[in-house]
Amino acid sequence: MAKNNAAFVRHQLIEEQAPPITERGVVKWVRENLFSSPFNVIMTLLSLWVIYSIIAGVAPWFINGVWNANSVRDCYDILDGATGACFAVLKERFPQLIYGFKYPSTEYWRPNTAVILLLFALAPILFRKLPRKFLLFSLIYPFLAYWLIWGGTPLVPVVAFLGFVIGIYCFRRFSANAFALGAIIGVIAANIFWVLGGYVVDANETFLALQAVPSRDMGGFMLNILLGTIAVALSIPLGILLALGRKSNMPIIKWICVLFIEFIRGVPLITLLFVANVILAFFLPPETSIDLILRVIVMMTFFNAAYIAEVVRGGLAALPSGQYEAANSLGLDYSKSMRFIILPQALKISIPGIVNTCVGMLKDTTLVSIISMFDLVGMIRGPILSSTSWNGVYWELFGAAATIFFVVCFSVSKYSQWLERQLETSNR
Amino acid sequence: MIKQAKNEVSDEIAIGIKGMNKWFGSFHALRDIDLTVNQGERIVVCGPSGSGKSTLIRCVNALEEHQSGQIIVDGIELTSDIKNIDKIRSEVGMCFQHFNLFPHLTILENCTLAQIWVRKTPKVEAEEIAMHFLEKVKIPEQADKYPGQLSGGQQQRVAIARSLCMKPRIMLFDEPTSALDPEMIKEVLDTMIQLAEDGMTMIVVTHEMGFARQVANRVIFMDMGQIVEQNEPEEFFNNPQSDRTKLFLSQILGH
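Per chain, the residues get numbers from 1 upward, laid out in the order the sequence is written. Whichever chain is written first is A, and whichever ligand is written first is 1; the rest continue in order. Note on the predicted model: pLDDT of at least 70 is required for a residue's local features to be given, and 80 or more for side-chain atom pairs to be given and counted; whole-chain, interface and lining totals, by contrast, use all residues. Side-chain measures were taken over the full set of non-hydrogen atoms in the model, leaving aside hydrogen atoms and water.

Draft legend 1. Focus on the sheet that holds strand S1 (residues 13-24) of chain B. All names here are of chain B. One open sheet holds the four strands; their spatial order is S2-S1-S4-S5, and the pairing between them is antiparallel. With partners counted over all chains shown, the strands left at the sheet margins are strand S2 (27-38) and strand S5 (76-77), one partner each. What makes two residues a contact is simply this: any of their non-hydrogen atoms within 4.5 Å. Note on definitions: angles span 0 to 180 degrees between N-to-C directions of axes, and those axes are lines fitted to C-alpha atoms, for helices only across the stretch in contact. In DSSP terms, a helix is any run of H or I states spanning at least four residues, a strand is any run of E spanning at least two, and both are numbered starting from the N terminus. Relative to the sheet, helix H1 (residues 53-60) contacts S1, S2 and strand S4 (68-73), its axis offset from that of S1 by approximately 120°. Being paired, for any two strands, means DSSP has found at least two bridges between them.

As C-alpha cells, this is what we get:
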C-alpha cells in the first residue's frame, strides 16, 4: 500500500470527448503527411507545382478538343491556331477501331451480343458465390460465340459441341476400367460423330444461317478481345497441365513438357507469330488452309501456357511436402489430391503471376499488327493513319488505344486482387 | 500410479515386416527390420534423431518406398502396385508432427473430403461422421473455422479426427507432440490414450515416455536404422539390456 492517500474512488464517469482539432480528420492528415517538416513542406509545394504544370499543359488540349470534323484539315481550321486535340477521328472511325474495316456494318450487333454474353459466361467462373448451374452457360458460350462472330449455320458449333459431349460421355463410361481405353474410345467416338455431323452440315448449309464472315475480315479491338480471351482461356488449363507434367515421375512426359516450355519461353512471341503467318505455309501441304486466326491463337496459347506453367510450378514448389503426404495418407489418388488439395493452394499462390502473364498476353495481342492483321493498333497504323484525311493524328489515336487497354487490364488486375482477398483463409 | 490402458491383443496380425531394407541414395536408412504388430497392439518407437523411426512408419503406408524385404499390412503386401498402395492408405491413418491440415478447407471439410471422394460416403453422412469424431476429440465447436485459426493442440486433434473419419484399422503417429507447446501436449496425449482404450492398433513415434509406460504393449528402441531393443514398457524402462538403450534412457529421463 502506498503512503500518501492511495485510496481513491471516482464518483462521476468522464464522458468521451472529441480530440482537439489538430488531431482529427483532414487537418491531422495534412499536418502529418504534407507539412510535417521543412523538407516535407518544400517537397509538397514542389509536387503541387509539377501537378499544376502538367494539368495546365494538357487541359487545353482536352478542353479545346474537336469532336466534329471530317479530316485533320477541318480540325486545324476549327482550332484556328489554338492547342487542341482532334478527337473527331475517334468519332468518325469508331466502327473501324472496334470492328475493323471489313466486318459488315449491318452485322455489328453480333459481336456486341457476343461480348455481352461473354460477361454472363465469365461471371460464374470469376465469382464463386454464383449458382454453379450458370457454369452450363459458360460451357455452351464458346460455341454460341463462334456462331455469332463467324456466322454461317448454327449446325457447325452444335455438331462440334455434341461431339465433345459424346466424347466425354464415352470417356466417363469406359475410363472407370482403364484411363487410356476411355480416352481412346472417347476420341474415336467424338471423331466419328464429327465426320457424320459434317455430312449433315454440308447438306444444310443455309439452315438458320447468319451471314458468314471470314476470319480475314475480323479486325479492330474486337480482334484483340477475341485473340486475348481465347488464348488466355486455353492457356491456363494447358499451362497447369504442363506444370504438372514437368513435375511428373514419368520421364517421357516430363521431358516433353520441359522441352516444350523451355523452347517456347526461349523464342520471342513475334517469331512465333511469323512462323504462324508465313513459315507454316511452306511446310503444310498447299491444299490445307488452316485459318490464320486459328494459327495465331495456337501460337499465343502455347506462348502464354509456357509462362503460366512456370508460374504454377513455382506455386507447386511453394507448398510444403506435408500437404502431398497428408493427401496421400488419406488414400486420395493423384488426380484427386491434385484437384482438391494441391492445385487449389498452388493456384492461389500463383494468382498474381498468372494474372501478370495474362495481362501481358492481352496487350501482346497487338503484335499481330506486325503480321498484317488489322487489330486496334493495326487499324491505327494502317488504314487510319495512312488515309489522307487523318494523316498525322498520332496522340489521339494511340492515346485512345492506350486508354482502352488500360481500362481492360486495370479491371483484370483489380479483380485478381479481390480474388486473392476472397481466398485468404489463414488469418481471417 | 499411472493408470494402465491396456486392452486385449488379438492373434490376428495387423502389420508384418520381414527383412526390410531402405536406402536414401547410398545411405542405409533402415537395416533388416523385422517387426510384427498384432491387431489391437500399441507400440511406441523411440530412439535418437536420425535413427530411422519416422522412416519406419512412413514405409508402412508407403510414403517412403522400401527397396528390399516385405511389408504386409492388413493382409495386403505393399508393392509398387498403385491399387494396393491406395487400399492400404485408406486402412491406415497417419498423424504428422506438423499436423498437415489442409489450410484452404474448413475443419469440417478437412474431415469429410477423403470420406466423400475415397469412401464415396454421401455428404450428409460424411458430415455426421466428421462431427462424431470432432466431438470425440472435443472440438466440435470449431467445425466451421479454418486450420489457421486454431491452436497447435487443436490442429493436431483435428488431424487425428480427420484420420479417424476414414475408420482406419491402424493408426500411425509420427512425433505428434513434438511441435506443440508444453501445455498443449496433454490434450493431444489424452486424445491418443482414449483412442488406445478403444482398442485401436497404434504405432507411435514419440519421446513422451510417460505415454509409453501408460499405453504401450511394447516399446521399440531404434538406433542407426536398426531395432536395437524391444520389450514391455516396465522391463524396457526398469531393466534395459543394451548399452545404447541405457545411454539413451539416461539422457532423456535424467533431467
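Draft legend 2. A look at the interface of chain B and chain A. On the chain A side, the residues contacting the 26 residues of chain B number 20 residues. In this description, buried area is defined as the sum, over both parts, of the accessible area (probe of 1.4 Å) that is lost when the two are combined. Across the chain B/chain A interface, buried area totals approximately 2,000 Å², and carbon plus sulfur atoms make up 61% of it. Area buried by chain B at its contact with chain A is led by Phe102(B), His104(B) and Trp117(B), which between them contribute 27% of it. By definition here, a salt bridge exists when the distance from a side-chain nitrogen of Lys or Arg to a carboxyl oxygen of Asp or Glu is within 4 Å. In this structure, the connection of chain B to chain A is made through one salt bridge. For the salt bridge of Glu325(A) with Arg58(B), the shortest nitrogen-to-oxygen distance reads 2.7 Å. Under this definition, polar contacts are N or O atom pairs within 3.5 Å; protein pairs additionally need one hydrogen-donor-capable and one acceptor-capable atom, and for neighbouring residues in sequence, both atoms have to be side-chain atoms. At the boundary of chain B and chain A, one finds six residue pairs in polar contact (both at pLDDT 80 or more). When contributions to the side of chain B that touches chain A are tallied by element, the ones reaching two or more residues are helix H2 (82-91), strand S6 (92-95), helix H3 (107-117) and helix H5 (152-164) of chain B. The classification used treats Ala, Val, Leu, Ile, Met, Phe, Trp, Tyr, Cys and Pro as nonpolar, Asp, Glu, Lys and Arg as charged, and all other residues, Gly among them, as polar. Grouping the constituent residues of the side of chain B that touches chain A by class yields 14 nonpolar, seven polar and five charged.

Draft legend 3. Broad picture of unusual backbone geometry. Residues and elements named next belong to chain B. Its identity as a non-glycine residue notwithstanding, Lys120 has a phi of 60°, on the positive side. Mapping Lys120 onto the fold places it in the loop between H3 and helix H4 (123-136). Lys120 sits in the exposed class, given a relative accessible area of 57%. Burial status follows relative accessibility: with a 1.4 Å probe on protein chains alone, a residue under 20% of its type maximum counts as buried, one over 50% as exposed, and anything between as partly exposed.

Draft legend 4. View of the side chain of Gln115(B). All names here are of chain B. As for its placement among the helices and strands, Gln115 is situated in helix H3. Under the relative-accessibility criterion, Gln115 is labelled buried at 1%. In terms of polar contacts, Gln115 uses its side chain to reach the backbone carbonyl oxygen of Cys111, at 3.1 Å. When near neighbours in sequence (up to four residues on either side) are disregarded, Gln115 contacts Lys120, Thr121, Ala126, Ile129, Ala130, Cys165 and Met166.

Draft legend 5. Highlighting the nonpolar core. In this text, buried Ala, Val, Leu, Ile, Met, Phe, Trp, Tyr and Cys residues form a nonpolar core when linked through side-chain atoms within 4.5 Å. One finds Met218(A), Ile293(A), Ile341(A), Val368(A), Trp390(A), Leu397(A) and Ile17(B) to be the most contacted residues of the largest nonpolar core, which totals 122 residues. The leading source of residues in this core is helix H13 (residues 292-318) of chain A, at 12 residues. Each of two domains, domain 1 (20-90) and domain 2 (217-428) of chain A, supplies a minimum of three residues to this core. If we skip the residues at most four places from it in the chain, Val368(A) touches Leu223(A), Leu227(A), Leu273(A), Val296(A), Met300(A), Met373(A) and Asp375(A). In terms of nonpolar packing, the next biggest core, distinct from the first, is built from 47 residues, Ala143(B), Cys165(B), Val204(B) and Ala216(B) among them. Where each domain begins and ends follows an automated or database-derived domain assignment.

Draft legend 6. Looking closely at the sheet that holds strand S10 (residues 226-231) of chain B. Residue and element names in this part refer to chain B. What the six strands build is an open sheet, ordered S6-S7-S8-S3-S9-S10; its pairing is mixed. For this open sheet the edge positions go to S6 and S10, each flanked by a neighbour on one side alone. Strand-to-strand twist in this sheet, taken as the mean axis angle between neighbours without regard to direction, amounts to 20°. Note: strand S7 (residues 170-174) against strand S8 (residues 201-205), five bridges, orientation parallel. The partner of Ile170 across the bridge, within S8, is Thr201. Taken strand by strand, H5 contacts S6 and S7, and its axis lies near 170° from that of S6.

Draft legend 7. Structural detail: the domain arrangement of chain A. Residue and element names in this part refer to chain A. By the assigned domains, chain A splits into domain 1 (20-90) and domain 2 (217-428). At the interface, 12 residues of domain 1 touch nine residues of domain 2. Taken over both partners, the interface formed by domain 1 and domain 2 buries close to 790 Å², and the fraction arising from carbon and sulfur atoms is 79%. Three residues, Val72, Val89 and Leu90, lead the burial of domain 1 against domain 2; their summed loss comes to 55% of the area buried on that side. Among the elements that line the side of domain 1 that touches domain 2, the one with the most residues is helix H4 (residues 88-92), at three residues. Across the side of domain 1 that touches domain 2, the residue classes tally to 10 nonpolar, two polar and no charged.

Draft legend 8. Looking closely at the pattern of salt bridges. All names here are of chain A. Applying the stated criterion across every chain, the model contains 21 salt bridges over all chains. Glu310 is paired through a salt bridge with Arg246; the nearest N and O atoms lie 2.8 Å apart. One end of the pair, Glu310, is in helix H13; the other, Arg246, is in helix H10 (residues 220-246), with 64 residues separating them in the sequence. For the pair Glu310 and Arg246, one class covers both residues: buried. The shortest N-O distance in the salt bridge between Arg265 and Glu310 comes to 3.8 Å. Of this pair, Arg265 sits in helix H11 (residues 251-265) while Glu310 sits in helix H13, and the two are 45 residues apart along the sequence.

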